[in-house]
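Examining the three-dimensional arrangement
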Amino acid sequence: MAKKNINEMSFLDHLEDLRWLLVRSTIAVIIMAMVTYFISDYLFDTIIFGPTRPSFFTYVYFCELSHTLGFADSICITEMPFIIQNTEMEGQVNVFIWICILFGFILSFPYILWEIWKFISPALYQNEKKNAKVFIFFSSLLFFLGVVFGYFVVIPMSVNFVATFTVSSTVVNQFTLDSYISMVKTSVIASGLFFELPIIIYFLTKLGLVTPAFLRKYRKYAIVIVLIIAAIVTPPDVVSQTIVAIPMLIIYEASIFISVFVAKKEIKTETQNNKQIEKE
């Protein structure tokens, strides 16, 4: 059966397409979650709980960097003064399921993007529909870069901060398994989605909801917010805060550049269309 034209589709038709998008995406996530089951031992022992060990790559790298820059050894981490404990009967079962779903979502993200592209493509121009592969490639790349940034930068810095912060020497840190996993999920997904900002700005600019002037106007507020986030999730040292803040600021500046490019292209297209109408 031929696909309906966007102008012929009713609101219910759009809802039906959206429903199947969600169904197929959910199935993809479940399939990839089942795949992660077979590597669950490595997933938990090496990846999930990696940032809880002083030998984790990020801690070792920061220590070497501090020596290179001539900073004190306070950046070097020799121990993690906390334990992770399970306090609920079904706690480990729930964590196992949700971590598999999390990695299922990450691994199936390119397919989810393909489904989203198919959903929005009827509203695009013919030349824009040809850019599906480019859209999926760069969107997936940015998302995976965000996930890597969240895992190797945000999570270790957050773990180090909460592990070393104390109100009194009489208090012993015993974090629950659920709270640790919640931080891991939030850090990874939030970072991945934040790195999608240039793609989001691209479409918002095409829709006329965002302009380069708007992004430039609120740049100073964005910088303050980024610096606050960096200060919260990192130890109180300049090196760590800078490492977290710089990639986020680069992403924001890249979004402004993309918005400028799209806005100019839209103005050019509109001018050409007006000239064509005048000729007719």
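Here, every reference points to the structure presented above.
No experiment lies behind these values; they were computed from the predicted model shown.

Rules and cut-offs
- Residues numbered from 1 in each chain as written.
- Predicted model: local features only at pLDDT ≥ 70, side-chain atom pairs only at ≥ 80, totals over all residues.
- Heavy atoms only, no water.
- Helix = DSSP H or I, 4+ residues; strand = E, 2+ residues; numbered from the N terminus.
- Expected span 1.5 Å × (residues − 1).
- Buried < 20%, exposed > 50% of the residue type's maximum accessible area, 1.4 Å probe, protein only.
- Phe/Tyr/Trp six-rings, centres within 6.5 Å; stacked < 30°, edge-to-face > 60°.
- Axes fitted to C-alpha atoms, helices over the stretch in contact; angles between N-to-C directions.
- Parallel < 35°, antiparallel > 145°, perpendicular 65-115°, else oblique.
- Left-handed = near helix turned anticlockwise from the far one by under 90°.
- Contact = heavy atoms within 4.5 Å.
- Nonpolar A, V, L, I, M, F, W, Y, C, P; charged D, E, K, R; others polar.

1. What about helix H5 (residues 109-120)?
- Over its 12 residues, H5 runs 17 Å from end to end, which matches the ideal 16 Å to within 8%, given 1.5 Å per residue.
- Of the positions making up H5, those classed as buried are Phe109, Ile112, Leu113, Glu115 and Trp117.

2. Side note on the packing of aromatic side chains
- Taken as a whole and assessed by the stated rule, the structure comprises 25 aromatic pairs.
- Ring centres 5.8 Å apart and planes at 15° place the aromatic pair Phe56 and Phe152 in the stacked group. With Phe56 in the loop between helix H2 (40-48) and helix H3 (57-69) and Phe152 in helix H7 (residues 132-164), the pair connects residues that are 96 residues apart, well separated along the chain.
- A relative accessible area of 8% means that Phe56 is categorised as buried.
- Judged by relative accessible area, which is 31%, Phe152 ranks as partly exposed.
- Between the aromatic rings of Tyr202 and Phe203, the centroid separation amounts to 5.2 Å while the plane-to-plane angle is 90°, which identifies the pairing as edge-to-face.
- Residue class for Tyr202 comes out partly exposed when judged on its relative accessible area of 28%.
- Three or more aromatic residues joined by ring pairs make a cluster, and in this case those are Phe56, Phe57, Tyr59, Tyr61, Phe62, Tyr151 and Phe152.

3. Considerations on the packing of H5 against H7
- Packing of H5 against H7 brings their axes to within 9 Å, and their N-to-C directions diverge by 140°. One element, H5, and the other, H7, form an angle in the oblique class. Of the two possible hands of crossing, H5 and H7 adopt the one that is right-handed. Contact residues: Phe109, Pro110, Leu113, Trp114 and Trp117 in H5; Ala132, Phe135, Ile136, Ser139, Ser140, Phe143 and Phe144 in H7.
- Broken down by class, the residue content of the contact of H5 with H7 amounts to 10 nonpolar, two polar and no charged.

Interpretation note: all reported values are geometric properties and have no functional meaning in isolation.
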